[in-house]
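Chains, contacts and geometry: an overview
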Amino acid sequence: MASAGRGVTAPGNSLGRSRPRYGETAVKVLLLAAALVSIATTVGIVGALIEPTIKFFGEVSVFEFFASTDWAPLFSPPAFGVIPVVTNTLIITLIAILVAVPLGLAAAIYLSEYATARVRKALKPILEVLAGIPTVALGFFALTLVSPFVRSWWPFPMEAKNGLVAGLIVGMMIIPIVASLSEDAMSAVPGGLREGAYALGSSRMIVSLRVVFPAALSGIIAAVILAISRAAGETMIVVIAAGSNPTFTVNPGKEMPTMASFIAQAGSGDLPVGSIAYDTIFAVGSLLFALTFAMNFISARFVRRFREVYE
Amino acid sequence: MSSQPHVTIHQPEVPRNLAALDPVFTVQGLDVFYGDYKAVRDVDLTIGRKEITAMIGPSGCGKSTVLRCFNRMNDLIPGARIDGKILYHDEDLYGDHVDPIEVRRRIGMVFQKPNPFPKSIYDNIAYGPRVNGHKRGDLDSVVERALTQAALWDEVKDKLKASALSLSGGQQQRLCIARAIAVQPEVILMDEPCSALDPIATTKIEDLMQELAKDYTIVIVTHNMQQAARVSDRTAFFTAEVDEAGVRHGRLVEFDETNRIFTNPADKRTEDYITGRFG
């Protein structure tokens, strides 16, 4: 009686797809679209930058732009030597990195290798909240509290708005980026490597510096690169605390407007669209974009060369 | 009906004199705690010099926990502590003056999963000597000697600068043994060193252990009874027991010459375990 039913397949039951799965296709298209949005944004930015930049270089020679150290594009007569704002950007970024990398890495090593689970659980969210402070608030903090304090200690003449204080506060702003991402990278290093190192008679410091740190290096460098990009492009703190008078100098006691702060200051004025001053904004924007892109590109290659792959 | 499980007893070619037990570790009334939980209870054990001592038993019996007391690896786990005594030669291993880092320089360890550093083969071996303040000069010979002792030299001598992770699993484990040897420890602790390896790699490691026992004291934790029977001189059988309060603790059931444990165990629980009736 049972044998009648055994082995009988329902009519039309084959291994082919019984009905189309539209949902699957829709999800795939949706996900692809989401991925494309960010790419499209980048392409769009580049596209928007190119046209006014080309127009700018139709009126201002490339040589003047890159070789002159006189920057006064909004004045009459205008001067278009971009070097001062570029060096200012580099100096402020350098100061910020000098602040953020040692402090951020020390914090990361502490959280990953020294802190107990409880301390880590309490500290890390606080650190990440720091990353959420609006930079306009940090800018006023720099100008009203930090600047007077630093000026009272600085042995040389220093303007109220200056590159040093702006750099210090930009550095503070990027500490959480360095610390948090580096900590993630170090925590991801397999515990077995630590055990192996401890079992050979390593102190905690040796384990941190000679085993965990090198193993996490690619992640740490990625964190630093991201931090550098953020520092180089930081605008609000620099607008408020670094002033707007671009002189070609390496003295961080002077006002030090950067490429980003120039864009913000010029862009918030009422420049007529299509004027040479207006196009200058895009020329500087292109340069900032190119510099950041080049830096990311070079450091990505650097990371690939030096990282220790642990799995 | 099932036939009697086979347990191979492999005698080392040159039998060592087991009568004269020269203690490296003397464990007296050892309890190990993780926080309030007593993981291991009341262990008495003696580890003989230049012998291979195997610690066997079912999962959760505390054999790895006890092993990690010998080089104070448990110190790295928050809340871990011991009661009782472990003497290393005549010194209290947990005495106030004892520096765990110094302990681990004398008592090396090899882990279950091969854990070479993501560095070159050379730098893996050189790590220990460097960390321990070895001068640059003859590091090359230290590396060569360690790799030779670990029976790996011939396979890697032409690619010392290659990443250790390019080696096979068995080679990686021998590299880890070489890395431990490079700091010239007296004791090598092995925590299931073959459980992640294939049978051929396992055989190589077992042969290597026999060879190393001429110079080093070896304590091995293993899940594999045959392995304990093949390589060890003495065997400690652990099991997990539930006490009056309903809490599981690891306990040492029997400790004797391997020969006797596998042919004529004194305890019924040992017999049940090695004949496969339990565990």
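Thresholds, definitions, all that
Residues numbered from 1 in each chain as written. Chains lettered and ligands numbered in written order. Predicted model: local features only at pLDDT ≥ 70, side-chain atom pairs only at ≥ 80, totals over all residues. Heavy atoms only, no water. Helix = DSSP H or I, 4+ residues; strand = E, 2+ residues; numbered from the N terminus. Buried < 20%, exposed > 50% of the residue type's maximum accessible area, 1.4 Å probe, protein only. Contact = heavy atoms within 4.5 Å. Areas by Shrake-Rupley, 256 points an atom, 1.4 Å probe, with all protein chains shown as cover. Buried area = accessible area lost by both parts, 1.4 Å probe. Salt bridge = Lys/Arg side-chain N within 4 Å of Asp/Glu carboxyl O. UniProt positions renumbered as here; feature names shortened; annotations may be inferred. Phe/Tyr/Trp six-rings, centres within 6.5 Å; stacked < 30°, edge-to-face > 60°. pLDDT = per-residue confidence, 0-100. Axes fitted to C-alpha atoms, helices over the stretch in contact; angles between N-to-C directions. Parallel < 35°, antiparallel > 145°, perpendicular 65-115°, else oblique. Left-handed = near helix turned anticlockwise from the far one by under 90°. Polar contact = N/O pair within 3.5 Å; in protein donor to acceptor, adjacent residues only side chain to side chain.

Things to note about the overall build of chain B
Looking only at helices and strands, chain B features ten helices and ten strands. Scored against the burial criterion, the 279 residues of chain B give a buried share of 54%. By sequence separation, contacts in chain B at least 24 residues apart represent 70% of the contacts at least 6 residues apart. With the model as given, the accessible surface of chain B reaches about 12,400 Å², and the carbon-plus-sulfur share is 48%.

A few points about the interface of chain A and chain B
At the interface, 20 residues of chain A touch 25 residues of chain B. Across the chain A/chain B interface, buried area totals approximately 1,800 Å², and carbon plus sulfur atoms make up 61% of it. Across the contact surface, chain A and chain B share one salt bridge. Residues A:Glu195 and B:Arg68 are paired through a salt bridge, measuring 2.8 Å at the closest nitrogen-oxygen approach.

Re the pattern of salt bridges
By the definition in use, this model includes 27 salt bridges over all chains. As a salt-bridge pair, A:Asp279 and A:Lys55 come within 2.8 Å of each other at their nearest N and O atoms. Of this pair, A:Asp279 sits in helix 12 (residues 276–306) while A:Lys55 sits in helix 1 (residues 22–59), and the two are 224 residues apart along the sequence. A salt bridge links B:Arg230 to B:Glu206; the nearest nitrogen and oxygen atoms lie 2.7 Å apart. Of this pair, B:Arg230 sits in helix 8 (residues 225–231) while B:Glu206 is found in helix 7 (residues 199–212), placing the two residues 24 residues apart along the sequence. For B:Arg230, a relative accessible area of 25% translates into the label partly exposed. Residues joined by salt bridges that share partners form a network here, namely A:Lys124, A:Glu128, A:Glu183 and A:Asp184.

Notes on the UniProt feature "domain: ABC transmembrane type-1" (unreviewed entry) in chain A
UniProt tags residues 86–299 of chain A as "domain: ABC transmembrane type-1" (unreviewed entry). Helix makes up 77% of residues 86–299 of chain A and strand 0%, whereas the separation of the span's terminal C-alpha atoms amounts to 20 Å.

Some details on the packing of aromatic side chains
Describing an aromatic ring pair means giving the distance of the ring centres and the angle of the ring planes. Taken as a whole, this structure holds 15 aromatic pairs over all chains when the rule is applied. Pairing A:Phe56 with A:Phe80 gives two aromatic rings, centres 5.6 Å apart and planes at 80°, and the pair type is edge-to-face. Of this pair, A:Phe56 sits in helix 1 while A:Phe80 sits in strand 2 (residues 79–80), and the two are 24 residues apart along the sequence. As far as the burial class goes, A:Phe56 and A:Phe80 line up, both buried. Between B:Phe117 and B:Tyr127 the ring centres are 4.7 Å apart and the planes differ by 55°, which places this aromatic pair in the tilted class. Taken together, the residues span a long stretch of sequence, with B:Phe117 in the loop between strand 6 (107–110) and helix 3 (121–131) and B:Tyr127 in helix 3 at a distance of ten residues.

Here we look at the confidence of the model for chain B
Residue and element names in this part refer to chain B. Per-residue confidence for chain B gives a mean pLDDT of 88; residues scoring 70 or more make up 91%. When the criterion is pLDDT under 50, residues 1–5 qualifies, and its contacts beyond four places in sequence or with other chains add up to two contacts. Within the model, the stretch residues 11–17 combines pLDDT values under 50 with eight contacts to residues more than four positions away or in other chains.

As for unusual backbone geometry
For the peptide bond that leads from A:Ser76 to A:Pro77, omega is 0°, which places it in the cis range. Looking at where A:Pro77 falls in the secondary structure, it is placed in the loop between strand 1 (71–72) and strand 2. Positive phi, close to 55°, is recorded for B:Asp42, a residue that is not glycine. Non-glycine residue B:Gln184 carries a positive phi angle of around 50°. Position of B:Gln184 relative to the elements: it lies in the loop between helix 6 (169–181) and strand 7 (187–191). Relative accessible area serves as the criterion here: at 56%, B:Gln184 is assigned to the exposed category.

Brief notes about the environment of B:Gly35
All names here are of chain B. You can see Gly35 is positioned in the loop between strand 1 (23–34) and strand 2 (37–48). When its relative accessible area of 32% is taken as the criterion, Gly35 is described as partly exposed. Each C-alpha atom, one on Gly35 and one on Gly79, is 4.6 Å from the other, the two residues being 44 residues apart in sequence. Discounting residues that sit within four places of it in the chain, Gly35 has contacts with Gly79 and Arg81.

What to know about the packing of helix 5 (residues 135–153) of chain A against helix 6 (residues 163–187) of chain A
Residues and elements named next belong to chain A. At a minimum axis separation of 9 Å, helix 5 and helix 6 run at an interaxial angle of 130°. As the angle between them shows, helix 5 and helix 6 are arranged oblique. Crossing handedness for the pair helix 5 and helix 6: right-handed. Within the contact between the two elements, helix 5 uses Thr135, Leu138, Phe141, Ala142, Val146, Ser147 and Val150 and helix 6 uses Leu164, Val165, Leu168, Ile169 and Met173.

Here's the deal with the side chain of A:Lys124
All names here are of chain A. Take Lys124: it is sitting in helix 4 (residues 117–130). Side-chain polar atoms of Lys124 contact the side chain of Glu183, separated by 2.8 Å. In this view, Lys124 contacts Leu111, Ser180, Glu183 and Asp184; residues no more than four positions away in its chain are not counted.

As for the UniProt feature "transmembrane region" (unreviewed entry) in chain A
Residues and elements named next belong to chain A. According to UniProt, the "transmembrane region" (unreviewed entry) feature falls on residues 29–50, 90–111, 123–143, 163–186, 207–228 and 276–298. Helix and strand shares over residues 29–50 are 100% and 0% respectively, and the end C-alpha atoms of the span are 30 Å apart. A helix fraction of 100% and a strand fraction of 0% characterise residues 276–298, whose end C-alpha atoms lie 33 Å from each other.

Section: the confidence of the model for chain A
Residue and element names in this part refer to chain A. In the predicted model, chain A carries a mean pLDDT of 89, and 94% of its residues have values of at least 70. Least confident of the elements in chain A is helix 12, whose mean pLDDT is 86; most confident is helix 3 (residues 83–114), at 95. Counted against residues more than four places away or in other chains, residues 1–5, with its pLDDT under 50, gives zero contacts.

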